[in-house]
Amino acid sequence: MAAGWVVAGQVPRDTSYTVAHTVAKALRHYPSLDIEGVEPNYPESVMSTFDVAYKDLGYRSLVANLFTPKERRFSAAILMIHGGGWRAGSPGLMTPMAERLAEAGYLVMVPEYRLSMEALYPAAIDDLKDALQWTRDRSKAMGMNTNRMVILGCSAGGQLATLLGTTTDVQAIVDIDGVLAFKHPDSEEGAMAAQWLGGTYEEVPELWQEASALTHVSASTPPTLFLGSKYPRFLAGRQEYMQVLEKAGTYTAVRVFEDAPHSFWLLSPWFDATVAEVIKFLNDTILEHDN
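All values derive from a computational prediction rather than experimental measurement.

**Q** Quick question: what am I supposed to make of the nonpolar core here?
**A** Most often, soluble globular proteins have nonpolar side chains that are buried together. Ranked by size, the top nonpolar core spans 49 residues in total, and within it Trp86, Leu160, Phe182, Trp196, Leu197 and Tyr241 carry the most contacts. Trp196 has contacts with Trp86, Ser116, Ala119, Leu120, Tyr121, Ala124, Gln159, Leu160, Phe182 and Ala211, leaving out every residue within four places of it along the chain. Judged by nonpolar contacts, the second largest core, of 44 residues, contains Ala88, Val174, Leu267 and Ile286.

As structure tokens, then:
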């Protein structure tokens, strides 16, 4: 078994995508930049609950981390999806951002979902739909308006967020460096996507299209924010997606961090700017959907 893999309860996992790995990779390209990984700080104003079971698969449970403002005056609920090429990563990667958004008044759920070494597409989407419903139910039990649901994701999580957001009823989407179209002139998706989708584009073209948010975006798609690195391929399909929203009169915005590496949201100095952009977007859009 290759380095970086472990088997937990007979479920194979790729453990190679971590903050430490991201820092080391970034420093190879930014040797003069004072890059640091962003770590959790466990703020007193936020109640953090880890490894809460939200779905029973029969052979194991899927769990999530919850971040709740202790004052319980929620602006909205956010389903936050980690990245890792549909193969690696874990909810813990998103803890610092989840803490900050909870401090800003948002109820945040960060679920695990089945990755490609365990189950192929559409298992991850099925899991995230269940996580979204779990979040909606929990929000309702807490007295929060469930018409304020947000999906946010990074990298592969951004792809999943836009796919989920264009095919379900939510009020806002935040895509951080997540591809919108697997088969696109700007896209360079290859082996990682093929592993998750069960074949190359030539072998299963219908799945490559079906799994692309650009296939589903429409006039009913909610406001969407895009945050990007210096690599356009990670937001392949964004311009066409935004054109659909703009034609429908739906708010959409983009900010590209021109010198940022992929996974910039895990690193200083880009983490703070990422959080600020997300909070501004949500404050400007989601609070208008209290209906």
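**Q** I tried to follow the environment of Glu188 on my own but got confused; where do I start?
**A** When you line up the elements, Glu188 lands in the loop between β9 (172-176) and α5 (191-197). Glu188 sits 54 residues away from Trp134 along the chain, and the two C-alpha atoms are 34 Å apart.

**Q** What is the right way to look at helix α8 (residues 238-248) in this model?
**A** Regarding α8, the residues found buried are Arg238, Tyr241, Met242 and Leu245. All buried residues of α8 project into a common sector of 95 degrees when viewed along the axis, lining one side. Of the exposed residues in α8, the ones pointing more than 90 degrees away from its buried face are Gln243 and Lys247. Check the buried side of α8 and you find it contacts α4 (156-167), β9, α7 (213-216), β10 (224-228) and β11 (252-256). Phi turns positive one or two residues past the end of α8, at Gly249, with a value near 75 degrees.

**Q** I'm lost on the pattern of salt bridges in this one. Help?
**A** A complete count under the given rule lists eleven salt bridges for this structure. Notably, a salt bridge pairs Glu112 with Arg13, separated by 3.9 Å at the nearest N-O pair. One end of the pair, Glu112, is in the loop between β7 (106-111) and α3 (123-141); the other, Arg13, is in strand β2 (residues 11-14), with 99 residues separating them in the sequence. With relative accessibility at 9%, the residue Glu112 sits in the buried group. Residue Arg114 is joined to Asp127 by a salt bridge in which the shortest nitrogen-to-oxygen separation is 2.8 Å.

**Q** In this structure, what is going on with the packing of α3 against α4? I would like to understand it.
**A** Two quantities define a packed helix pair, namely the angle between the helix axes and the distance between the axes. Running from amino to carboxyl end, α3 crosses α4 at an angle of 65 degrees, the nearest separation of the two axes being 11 Å. As for how α3 packs across α4, the hand of that crossing is right-handed. Between α3 and α4, the contacting residues are Ala124, Ile125, Leu128 and Lys129 on the first element and Leu160, Leu163 and Leu164 on the second. Residue composition of the contact of α3 with α4, by class: six nonpolar, no polar and one charged.

**Q** What is the right way to read the pairing of strand β8 (residues 149-154) from this model?
**A** Here is the key point about a regular strand: its side chains alternate between the two faces of the sheet. With six of six residues buried, β8 is to be regarded as a mostly interior element. Burial along β8 is two-sided: Met149, Ile151 and Gly153 and Val150, Leu152 and Cys154, pointing in opposite directions, are all buried. With α4 bridging β8 and its parallel neighbour β9, the resulting β-α-β unit is right-handed.

Criteria and cut-off values
Sequence order sets the numbering: in each chain, residues are counted from 1 along the sequence as written. Under the rules for a predicted model, residues below a pLDDT of 70 receive no local features and side-chain atom pairs below 80 are neither given nor counted, while totals for whole chains, interfaces and linings still include all residues. Computation of side-chain values covers all heavy atoms of the structure but excludes hydrogens and water. Residue types Ala, Val, Leu, Ile, Met, Phe, Trp, Tyr and Cys, when buried and joined through side-chain atoms within 4.5 Å, form a set referred to as a nonpolar core. Relative accessibility thresholds used throughout: buried, under 20% of the residue-type maximum; exposed, over 50%; partly exposed, between the two (1.4 Å probe, protein chains only). Only heavy atoms matter for contacts: two residues are in contact if any of them lie within 4.5 Å across the pair. The way it works is that DSSP assigns letters per residue, a run of H or I at least four long becomes a helix, a run of E at least two long becomes a strand, and they are numbered from the N terminus. The arc refers to the directions leading from the helix axis to the C-beta atoms. By salt bridge we mean one thing: a side-chain nitrogen of Lys or Arg within 4 Å of a carboxyl oxygen of Asp or Glu. Only the stretch in contact is used when a helix axis is fitted, and all axes are lines through C-alpha atoms; the angle between N-to-C directions ranges over 0 to 180 degrees. The handedness criterion is simple: a crossing whose near helix is rotated anticlockwise from the far helix by less than a right angle is left-handed, and one whose near helix is rotated clockwise is right-handed. Each residue gets one label: Ala, Val, Leu, Ile, Met, Phe, Trp, Tyr, Cys and Pro are nonpolar, Asp, Glu, Lys and Arg are charged, and the others, such as Gly, are polar. For crossovers, right-handed means that the path from the first strand over the helix to the second runs clockwise, given strands pointing away from the viewer.

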